Amino acid sequence: MASSPSPTSLSKISMDSTTCLFGSSPRLMALARQLRLYKPPPTMDESEEERRVEESAGKVVSQVGFAESATPIANQTERFRPKRAAVLICLFEGDGGDLRVILTKRSSGLSTHSGEVALPGGKADEGDVDDADTATREAREEIGLDPSTVNVVTVLEPFLSKHLLRVIPVIGILSDKKAFKPTPNVAEVDAVFDAPLEMFLKDENRRSEEREWMGDKYLVHYFDHEGDDKKYLIWGLTAGILIRAASVVYQRPPAFVEQNPTFKSLFKGRALVMGSNSFTGSQRLADLTQQLRLYNSPHDTHGKNPTEDSTEQVIEDKVVAQELKLNAESGAYPIAHQPRRSIANRAAVLVCLFEGDDGDLRVILTKRSSSLSTHSGEVSLPGGKMEEQDADDTQTALREAEEEIGLDPLLVNVVVVLEPIINKRGMSVVPVVGILSDKKAFNPKPNAAEVEAIFDAPLEMFLKDENRREEEREWMGDKYLLHFFDYQAENKKYVIWALTAGILIMTASVVYNRPPAFPERKPTFWNKIRH
């Protein structure tokens, strides 16, 4: 895992820079000297951070403060070390003498967060010496910026993304802008442009939105910028990093109320650990959260399902990808020493529960698009196959739910991961149970290519014998029952059956602590353990 540049490497950079790396620009030389003297506010180092996690009540929280751990993490702290990425804040002197920063617009061909503005950067690779190496390598891969033309002068304090991704801003100076010929990687970048750094301290062309999470009110800033007759919107974490960088460079605060989220940066000394009493919502949902966190899989002999990697941490997406251009769009890359499973036959679904108007627990379901070539019009849970960038099953389930129905991962508190079910084709399907404490905050946006309708049903109905029928099937000598549940919502009729019904029967049994009121007779192949 990459680290921040050591004193030795920074001193080497400093010595090298004295030999006319800044050409004839006194301003750039003065800026380099100023930034090399910059000392970030006190921060707890990684070992201290990990010690606090280990000694905590056992819950890891993300950028937005919701508990990411569904299980106590004693003796498993290695899995909860925040992942690492770096972005390059590449400054140069514009024709008008102003300091400008290089930015990118994400490719419109990307499946998520296409067309959004980001700083060049991405995940740390094993071969990276430090954060500066990560940032300059990624900038070269994304926009063709030769690292030898960039003089790294300082590294700012890290920002923590909502998925425990530690994002390190690396400031570098490009002394000869004319030597940089942008060659954007078309698979990742639509455009390369620059903006005046000082604009991130001004109140012009800026607007903000107040957000709240866990009682913490903060502002998200949006900056409108126009260059080469094109309009860009710079916002979120990218804007936050640039506000910070501009404050350091110009040695003054912004001309507006910044009101950072308390979770946004590590240097504020906020621990990564929060007790379970951090949950917001009704008392019933809070109690359910505690109950499910204590759940142990029937296949769990040592407090951990032998088929699973740690799915106790929630994932990104929706990662900083919406705010930073990271090659792994969900910010998902293996944590050091965390085993990585084959993704070829692995999928995850989100069992998203919320409290209905009548106080009953309900689950969000979808009806597949009638235009799909397979299983068209059938009812399913949001979810899908694991992708290479997914760190774990939780991330897969949340990413798929966002892509399919527009469910923001920030709204979902993942509390437990159930044992996988193996289908006939050998696909391991992992149910991820999450709680939506504020149903009104969810505005369904079905992906028309995949989803025809979004609806919800009472979870308890999957334990009852009402509106249920069954069919006996046989597979390789194994006789089992397929269950069909008939359900009507908003004058539409749905049939929930097979694997989806099986997962919901299992979930309801765990939540209500009782078996179904009918013989279940599951297929034996559902629970064959894959290693």
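Cut-offs and rules
Residues numbered from 1 in each chain as written. Predicted model: local features only at pLDDT ≥ 70, side-chain atom pairs only at ≥ 80, totals over all residues. Heavy atoms only, no water. Helix = DSSP H or I, 4+ residues; strand = E, 2+ residues; numbered from the N terminus. Buried < 20%, exposed > 50% of the residue type's maximum accessible area, 1.4 Å probe, protein only. Contact = heavy atoms within 4.5 Å. Areas by Shrake-Rupley, 256 points an atom, 1.4 Å probe, with all protein chains shown as cover. UniProt positions renumbered as here; feature names shortened; annotations may be inferred. Phe/Tyr/Trp six-rings, centres within 6.5 Å; stacked < 30°, edge-to-face > 60°. Lys NZ or Arg CZ within 6 Å of the ring centre and 35° of its normal. Axes fitted to C-alpha atoms, helices over the stretch in contact; angles between N-to-C directions. Parallel < 35°, antiparallel > 145°, perpendicular 65-115°, else oblique. Nonpolar A, V, L, I, M, F, W, Y, C, P; charged D, E, K, R; others polar. Polar contact = N/O pair within 3.5 Å; in protein donor to acceptor, adjacent residues only side chain to side chain. Pairing = 2+ DSSP bridges.

Observations concerning the overall build of the protein
Next, step 1: Summing up its helical and strand segments, the protein has eight helices and 22 strands in all.
Next, step 2: Counting across all 531 residues of the protein, residues that qualify as buried make up 57%.
Next, step 3: Residue pairs at least 24 apart in sequence account for 70% of intrachain contacts in the protein once pairs closer than 6 positions are excluded.
Next, step 4: Carbon and sulfur atoms make up 48% of the accessible area of the protein, which totals about 22800 Å².

Observations concerning the UniProt feature "transmembrane region" (unreviewed entry) in the protein
Next, step 1: Per the UniProt record, "transmembrane region" (unreviewed entry) is found at residues 494-512.
Next, step 2: The straight-line gap between the two end C-alpha atoms of residues 494-512 is 24 Å; of that span, 79% is helix and 21% is strand.

Regarding the packing of aromatic side chains
Next, step 1: Taken as a whole and judged by the stated rule, the model has 11 aromatic pairs.
Next, step 2: Here the aromatic rings of phenylalanine 200 and phenylalanine 223 are separated by 5.0 Å at their centres, their planes lie at 65°, and the arrangement is edge-to-face. Of the two residues, phenylalanine 200 is situated in the loop between strand S8 (189-196) and strand S9 (206-213) and phenylalanine 223 in strand S10 (residues 216-227); the sequence distance between them amounts to 23 residues.
Next, step 3: Judged by its relative accessible area of 0%, phenylalanine 200 falls in the buried class.
Next, step 4: Taking the relative accessible area as the measure of exposure, phenylalanine 223 reaches 1% and is therefore buried.
Next, step 5: Of the aromatic side chains, those joined through ring pairs into one cluster are Phe200, Phe223 and Phe256.
Next, step 6: Geometry around phenylalanine 92 places lysine 177 over its ring, the cationic atom sitting 5.1 Å from the centre.

Quick look at the packing of helix H6 (residues 283-293) against helix H8 (residues 498-512)
Packed helix pairs are specified by the crossing angle of their axes together with the interaxial distance, meaning the distance between the axes.
Next, step 1: One can describe the packing of H6 onto H8 by two numbers: an axis separation of 10 Å at closest approach and a directional angle of 105°. By the angle between their axes, H6 is roughly perpendicular relative to H8. Between H6 and H8, the residues in contact are Arg284, Leu288, Gln291 and Leu292 and Val510, Val511 and Tyr512, respectively.
Next, step 2: Across the contact of H6 with H8, the residue classes tally to five nonpolar, one polar and one charged.

Remarks on the side chain of aspartate 130
Next, step 1: When you line up the elements, aspartate 130 lands in the loop between strand S4 (121-123) and helix H4 (131-143).
Next, step 2: In this structure the side chain of aspartate 130 is engaged in a polar contact, spanning 2.9 Å, whose partner is the backbone nitrogen of aspartate 133.

Quick word on the sheet that holds strand S21 (residues 478-489)
Next, step 1: Strand order in the open sheet formed by three strands is S20-S21-S22, with antiparallel pairing between adjacent strands. Strands with a single pairing partner mark the edges of an open sheet, and in this sheet they are strand S20 (468-475) and strand S22 (492-497). Each adjacent strand pair in this sheet contributes to an overall mean axis angle of 25°, direction not counted.
Next, step 2: Where S20 meets S21, eight bridges bridge the pair, whose relative direction is antiparallel. Paired with glutamate 474 across the two strands is lysine 479, which belongs to S21.

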